[in-house]
Amino acid sequence: GLNVAIPNKSKSIKDYQNVYNDIAEKIREEDEFDNYIGYGPILVRIAWHSSGTFDKNNMTGGSFGGTMRFKKEINDPSNAGLKQADEFLAPIYKKHSWISHGDLYTLAGVTAVQEAQGPKIPWRPGRVDQPENTTPENGRLPDATGDSSYVRNYFGRFGFNDTEIVALIGAHCLGKTHLENSGFEGPWGAASNVFSNEFFVNLLNENWKLQKNAAGNEQYDSPKGYMMLPADFALRQDNKFLKLVKAYANDQDLFFNDFAKAYVKLLESGIHFPADQKPFIFKTLDEQE
Ligand code: HEM
Ligand SMILES: CCOC(=O)c1cnc2ccccc2c1N
């Protein structure tokens, strides 16, 4: 059923900005992770994966219950590599254990985007931890080998349109794939921890070649060492998706605006917030100097 957010009346934006700052400072402090990419990208991914179990057809899953904290969900093969994000957040939770896990995972994703020089992501607290037996079954996250109709159909489960789908996948400007996690590898050297429209620029302009990687999976590789998943490349293979890819490659502000809206919708999927609950917009560390 629908999850109703219960904001903690005793907490204000100041309290959540403190949690944001602790996460942001820890990202800066532990900068050597994953060959100096840092923790930002996997914090964006754990926020997306804890929300990506949502299914509007039966109103199950989504970020509300914080069930990513349970073995059944974090051990989903689709979540390979995310234990490191959960471990990164454990001391933050220890210090601020008044926060729910659902709020912590999504706030971490908001912090990571903003600290990577991405757009401001308005965020609302009020997710309430649910018991282990409410953990959704494995297999609700997308398959990297899907084509454009697979991708459109998958995100249709959330009620997302083409604009929201293409904008969201633009988060692949961050981080990289790891053969030991997903069976895909790269981009080598080029992996970034700065949020930008680079994913769309590369998708359009690189000379892509479909080839088998060391795990025997097909992926698109470019002479510069970039890579695209088949599901990334699918955005070039559909006329409506391609139009959006071009728009974002040519206008980073448009991408930032559309991404912020779609990311909020993803992180809040399946949750009803009180009509009068205004979202918080956090300052970056640089803005608080
Ligand atoms: C068709 C939809 C999608 C597919 C098939 C997909 C698949 C993948 C795969 C296979 C990886 C590599 C994981 C690893 O090997 O470590 C990855 C990484 C990543 N994904 Fe996606 N993804 C999708 C959508 C999204 C969305 C909607 C977001 C966020 C809004 C996102 C954010 C990320 C980030 C930030 C990384 C890098 C993580 C790291 O550097 O460890 N992805 N994705
Ligand atoms: C801007 C250069 O990055 C890329 O072209 C790129 C492409 N697909 C990805 C898929 C999953 C994770 C990271 C990815 C990524 N960093």
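Residues numbered from 1 in each chain as written. Chains lettered and ligands numbered in written order. Predicted model: local features only at pLDDT ≥ 70, side-chain atom pairs only at ≥ 80, totals over all residues. Heavy atoms only, no water.

Peer 1: It is not clear to me how the site of ligand 2 should be interpreted in this structure. Could you clarify?
Peer 2: By nearness alone, 13 residues border ligand 2, and His172, Gly175, Asn202, Met227 and Asp232 come closest of all. Separating a nitrogen atom of ligand 2 from a backbone N or O atom of His172 is a distance of 2.9 Å. Gly175 has a polar backbone atom sitting 3.1 Å from a nitrogen atom of ligand 2. Notes on ligand 2: free accessible area 380 Å², of which the protein chains cover 94%. Sorting the residues of the shell around ligand 2 by element identifies helix H10 (198-205) and strand S4 (227-228) as the ones contributing at least two each. The element best represented in the shell around ligand 2 is H10, accounting for 3 residues. Within the shell around ligand 2, the residues separate by chemical class into 6 nonpolar, 4 polar and 3 charged. (Near = heavy atom within 4 Å. Polar contact = N/O pair within 3.5 Å; in protein donor to acceptor, adjacent residues only side chain to side chain. Areas by Shrake-Rupley, 256 points an atom, 1.4 Å probe, with all protein chains shown as cover. Helix = DSSP H or I, 4+ residues; strand = E, 2+ residues; numbered from the N terminus. Nonpolar A, V, L, I, M, F, W, Y, C, P; charged D, E, K, R; others polar.)

Peer 1: Would you explain the packing of helix H1 (residues 13-29) against helix H6 (residues 101-115) in this entry?
Peer 2: The description of two packed helices rests on the angle between their axes and on the distance between the axes. Direction vectors running N to C along H1 and H6 enclose 60 degrees, while the axes themselves pass 9 Å from each other. The orientation of H1 with respect to H6, classified from their angle, is oblique. The element H1 and its partner H6 pack so that their crossing is right-handed. The residues of H6 that touch H1, namely those facing Tyr16, Val19, Tyr20, Ile23, Ala24, Ile27 and Arg28, are Leu104, Leu107, Ala108, Thr111, Ala112, Gln114 and Glu115. Here the contact of H1 with H6 is composed, by residue class, of 10 nonpolar, 2 polar and 2 charged. (Axes fitted to C-alpha atoms, helices over the stretch in contact; angles between N-to-C directions. Parallel < 35°, antiparallel > 145°, perpendicular 65-115°, else oblique. Left-handed = near helix turned anticlockwise from the far one by under 90°. Contact = heavy atoms within 4.5 Å.)

Peer 1: Which parts of the structure should I look at to understand the sheet that holds S4?
Peer 2: Within a sheet, neighbouring strands are paired by backbone hydrogen bonds and run either parallel or antiparallel to one another. Here we have 3 strands laid out as an open sheet, ordered S2-S3-S4, and antiparallel in their pairing. Two strands bound the open sheet, and with one partner strand each, they are strand S2 (209-212) and S4. Pairing geometry for strand S3 (residues 218-221) and S4, over 2 bridges, is antiparallel. Within S4, the position partnered with Asp221 by the bridge is Met227. (Pairing = 2+ DSSP bridges.)

Peer 1: Could you clarify how one ought to interpret helix H5 (residues 83-95) in this entry?
Peer 2: Along an α-helix, a turn takes 3.6 residues, which lines up residues three or four apart on a common side. Counted at 1.5 Å a residue, the expected span for H5 with its 13 residues is 18 Å, and the 19 Å between its end C-alpha atoms agrees. At Leu89, H5 is bent by approximately 30 degrees, the largest bend along its length, and proline Pro91 sits one to four residues beyond. Within the span of H5, buried status applies to Ala85, Phe88, Leu89 and Ile92. The inward-facing, buried residues of H5 abut H1, helix H3 (40-51) and H6. (Expected span 1.5 Å × (residues − 1). Bend = angle between axes of the 7 residues up to and from the residue. Buried < 20%, exposed > 50% of the residue type's maximum accessible area, 1.4 Å probe, protein only.)

Peer 1: Quick question: what am I supposed to make of unusual backbone geometry here?
Peer 2: With glycine set apart, most residues show a phi of negative sign, and most peptide bonds adopt trans. Here Gly186 and Pro187 are connected by a cis peptide whose omega angle stands at -10 degrees. Tracing the backbone through its elements, the reader meets Pro187 in the loop between helix H9 (179-182) and H10. The phi dihedral of Met59 falls on the positive side, at around 50 degrees, and the residue is not glycine. Here Met59 shows up in the loop between H3 and helix H4 (71-74).

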